[in-house]
Amino acid sequence: MRIVSGIQPTGNLHLGNYLGAIRNWVKMQDDMAAQGGQSLYFLADLHAISMPHVPAELTANTREMVAALVACGIDPERSILFNQAQVPQHAELQWLLNGTARMGWLNRMTQWKDKAGKNREGASVALFTYPVLQAADVLLYQATHVPVGEDQKQHLELARDIAQKFNNDFASEENPVFTLPDPIIPPEAARIMSLRNGSAKMSKSDPSDMSRINLTDDADTIMQKIKKAKTDPEPLPSEKAGLEGRAEAANLAGIYAAMAGTSVEAVLADFGGEGFGKFKPALGELLVETLAPINDRFVHLRADHSALDAILKAGAEKARTLAIPTLDKTYTALGLVRG
Ligand code: TYM
């Protein structure tokens, strides 16, 4: 088994990233270490330039994200932790896959539609071809499993489509060039929603900081954000069906379940009939309990730039070694002569 996943270094890690993806990364890193498999986690800095950005902020955010991932439990000795920009094979494979990806496939991507909005003509080409780079990210390493949140499922399906078409067109069933990767999406935390709007996902790009819990928030801030989180006047139901049409209540119950490592049903069995005046402080304390040690480690790690750069450099060296055989195979399959 080989696990591969990535995150854009465009701001703080938030609770959606943590519960939707990073917690699974840590778990799978430990599983892989026990089973002799491999885990590769990277900062998608090349993806980050698909939207307007400030270069100095990207540099600072890249280092901060390494510190945050290590603080969450990613161990650079057991996982390969790196950034795309130091492994040119990602961009190279993307170009090769551009011959296989279809305009129609990319036009259907919801992220493209959301981010380009009405101004498609003014969107960057990188935003359009973004999912092809994402396919290259995982196909380059013959990933078998990709732990992500629900919002990345469509991109992963596209990666499978690209792999399948490439194998059909340029290889054989007995000797495929690419492995078809399976997404791994956590059931209770597939989609963590904004604290201000239960129908929008929790996101780094939401202008309101009150909409998300950052992994760098201190205890008071977390308690405040949960206290102010949007809810409705009804008490919590005792059954999951009672959350229907109550997006904000469902989100908070889901966050509680994911944090406590239990199911929404079990949370409602405990809190059904209680109002948010009782539930919110319990949720806030649960969050503080788990996030405070991560925050402590993060504050300690983030200052040591040379240690963070050394982690990325060593990770990139290992990643390049793993990437080269697949890239070579791809060039050959396409009939490209390289001396
Ligand atoms: P990014 O940086 O937006 O998010 C990183 C991971 O966090 C998950 N996530 C969420 N999960 C649940 N609820 C939320 N509100 C939430 N917000 C974010 C995402 O699903 C993701 O798993 N395109 C990717 C990065 C990427 C990638 C890849 C991922 C580039 N190449 C290859 C996997 C494989 C992105 O922008 O994720």
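Residues numbered from 1 in each chain as written. Predicted model: local features only at pLDDT ≥ 70, side-chain atom pairs only at ≥ 80, totals over all residues. Heavy atoms only, no water.

The name an unreviewed UniProt entry gives the protein is Tryptophan--tRNA ligase, with Novosphingobium indicum as the organism. The record in UniProt for the protein states the following under Sequence similarities (unreviewed entry): "Belongs to the class-I aminoacyl-tRNA synthetase family." Regarding the protein, the relevant UniProt record gives this comment under Subcellular location (unreviewed entry): "Cytoplasm". (UniProt positions renumbered as here; feature names shortened; annotations may be inferred.)

Caption draft 1: Here's a closer look at the side chain of asparagine 17. Relative to the helices and strands, asparagine 17 resides in helix H1 (residues 15-35). If near-sequence neighbours (up to four positions away) are discounted, asparagine 17 is found in contact with Ile7, Asn12, Ile22 and Lys204. (Helix = DSSP H or I, 4+ residues; strand = E, 2+ residues; numbered from the N terminus. Contact = heavy atoms within 4.5 Å.)

Caption draft 2: Broad picture of the UniProt feature "binding site: L-tryptophan" (unreviewed entry) in the protein. Sequence positions flagged by UniProt for "binding site: L-tryptophan" (unreviewed entry) are, in local numbering, Asp137. By secondary structure assignment, the location of aspartate 137 is in helix H7 (residues 125-139). The exposure class of aspartate 137 is buried, given its relative accessible area of 2%. When near neighbours in sequence (up to four residues on either side) are disregarded, aspartate 137 contacts Val4, Phe42, His47, Gln84 and His90. (Buried < 20%, exposed > 50% of the residue type's maximum accessible area, 1.4 Å probe, protein only.)

Caption draft 3: View of the pairing of strand S2 (residues 38-43). By the criterion of burial, S2 is predominantly enclosed, with 5 of the 6 residues buried. In terms of strand pairing, strand S1 (residues 2-7) meets S2 through 6 bridges, oriented parallel. Bridging across to S2, arginine 2 finds its partner in glutamine 38. Each parallel crossover has a hand, and for S1 linked through H1 to S2 it is right-handed. As paired strands, S2 and strand S3 (residues 80-83) are joined by 4 bridges and run parallel to one another. Residue tyrosine 41 lies in a different strand from S3, and its bridge partner there is leucine 81. (Pairing = 2+ DSSP bridges. Right-handed = clockwise from strand over helix to strand, strands pointing away.)

Caption draft 4: Broad picture of the packing of aromatic side chains. Under the definition given, this model contains 10 aromatic pairs. With a centroid separation of 5.7 Å and an interplanar angle of 35 degrees, the aromatic rings of phenylalanine 42 and phenylalanine 82 are classed as tilted. Of this pair, phenylalanine 42 sits in strand S2 while phenylalanine 82 is found in strand S3, placing the two residues 40 residues apart along the sequence. Its relative accessible area of 3% is what places phenylalanine 42 among the buried residues. For phenylalanine 82, a relative accessible area of 0% translates into the label buried. (Phe/Tyr/Trp six-rings, centres within 6.5 Å; stacked < 30°, edge-to-face > 60°.)

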